[in-house]
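Results of the structural survey
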Amino acid sequence: MTERPLSQEERRAAAALGRGADARSTDLASGLGAPRWIERVLNYCSNCGTALVAGIPPTEHRERMACPRCGFIAYVNPRLVVTTIPVTDDGRALLLRRGIEPGRGKWAQPGGFMEIDESVAEAATRETLEETGLLVEPGAIVGLYTRLEAAVVVLVFEARIVGGETRQTPEALEIRAFSAAEIPWPELAFSTSFWALRDWVERRDGEAAVPPAFPGREDW
Ligand SMILES: [Zn+2]
């Protein structure tokens, strides 16, 4: 059955609701399609190898790259990055200085891309262990942050440290605990780290001074 495309009126009604609580987490306008770096690799059907063609398939509401031979649709969706803010017994946030690009030499919370065969809590625990040597128990969700340009959604857990020992890894040149007042805002690697740490600090201590906008520079 062919899906009914949204009417102009329905589109306007949906747009009027706004972009949601995490709209601040990207500078790009919504609805502009896939970032160019993703479009560049959408060339051939991964099912039969035929060149993909842009268009609105009969079952879709928007333009997609689809295969004219077998009907395969090359969907592109954001990937989930799962991260933690491990919190020490005295209430400090553990961050790492990144050993790899993007953002090498800058500070971020541990985390990474979720694998296809794990839950978010497992991904958070695994990534934190890989990058810092610490075993953590993910707790409350600090937030979910969208970055359209990177095609990611970043999930940030607050986490309790339950074991392990910090160690330097290829991914972490240095690991340090920061109090709310010590967070190195301009030296953070990503705006998503900034938004998450700002939310975390504000929730812990409403009086704490946090920059109104990301004062650093994002390499990516
Ligand atoms: Zn095909």
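These figures come from a predicted structure and were not determined experimentally.

The helix and strand inventory of the chain stands at 4 helices and 10 strands. Counting only C-alpha atoms, the chain reaches 60 × 40 × 30 Å along its principal axes. In the chain, buried positions account for 29% of the 220 residues. A sequence separation of at least 24 residues applies to 64% of the contacts in the chain between residues at least 6 apart.

Right, let's talk about helix α3 (residues 120-132) for a bit. Between its first and last C-alpha atoms α3 spans 18 Å; for 13 residues at 1.5 Å apiece the expected length is 18 Å, and the two agree. Turning to α3, its buried residues number three or more, namely Ala123, Ala124, Thr125, Glu127, Thr128, Glu131 and Thr132. Those residues of α3 that are buried are in contact with β4 (79-87), β5 (93-98), β7 (111-113), β8 (134-147), β9 (152-164) and β10 (172-178). Positive backbone phi, at 85 degrees, marks glycine 133, one or two positions downstream of α3.

This part is about the sheet that holds strand β2 (residues 64-66). Pairing is antiparallel in the open sheet, where 3 strands are placed in the order β1-β2-β3. Edge positions in the open sheet fall to β1 (53-55) and β3 (73-74), since each of these has one partner strand only. Note that β1 and β2 share 3 bridges and pair antiparallel. Considered in β2, the bridge of alanine 54 is made with methionine 65.

Right, let's talk about helix α4 (residues 191-204) for a bit. End to end, α4 covers 20 Å across 14 residues, agreeing with the expected 20 Å (1.5 Å per residue, within 8%). All of the buried residues in α4 are Ser191, Thr192, Ser193, Phe194, Trp195, Ala196, Leu197, Arg198, Trp200 and Val201.

Take the domain arrangement of the chain next. Domain annotation of the chain identifies domain 1 (8-74) and domain 2 (79-204). Averaged C-alpha coordinates put domain 1 and domain 2 at centres separated by 30 Å. If you look at the interface, domain 1 gives 6 residues, while domain 2 gives 10 residues.

Turning next to the nonpolar core. If you look at soluble globular proteins, the nonpolar side chains tend to sit buried side by side. Counting residues in each nonpolar core, the largest one holds 34 residues, and the members touching the most others are Ile85, Ala108, Leu155, Val156, Ala196, Leu197 and Trp200. For this core, the secondary-structure elements that each account for two or more residues are β4, β5, β6 (107-108), α3, β8, β9, β10 and α4. Beyond its immediate sequence surroundings of up to four residues, leucine 155 is in contact with Leu80, Val81, Val82, Thr83, Val120, Ile141 and Leu144.

Across a regular strand the side chains alternate sides, sitting on one face of the sheet and then on the other. Within β5, 6 of the 6 residues are buried, which leaves the element mostly enclosed by the surrounding structure. Here 6 bridges tie β5 to β10, and the two strands are oriented antiparallel to one another. Its bridge partner lying in β10, leucine 94 is registered against alanine 177. Direction of pairing for β5 relative to β6: antiparallel, over a ladder of 2 bridges. Opposite arginine 97, over in β6, you have tryptophan 107 as the bridge partner.

Cut-offs used in this document
- Along each chain, numbering runs from 1 in the same order as the chain's sequence is written.
- Given that this is a predicted model, residues contribute local features only at a pLDDT of at least 70 and side-chain atom pairs are listed and counted only at 80 or more, while totals for whole chains, interfaces and linings are drawn from all residues.
- Numbering of helices and strands runs from the N terminus; a helix is a DSSP stretch of H or I covering at least four residues, while a strand is a stretch of E covering at least two.
- The burial criterion counts other C-beta atoms lying within 10 Å of a residue's C-beta, which is placed from the backbone; the residue is buried at 20 or more, exposed at 12 or fewer, and partly exposed between these limits.
- Note on contacts: each residue gets a C-beta atom placed from the backbone, and two residues are in contact if those atoms are within 7 Å.
- An expected span of 1.5 Å times one less than the residue number is assigned to each helix.
- For two strands to be treated as a pair, DSSP must find at least two bridges joining them.
- Boundaries between domains were set according to an automatic or database domain assignment.
- To count as a nonpolar core, a set of buried Ala, Val, Leu, Ile, Met, Phe, Trp, Tyr and Cys residues must be joined through C-beta atoms within 7 Å.

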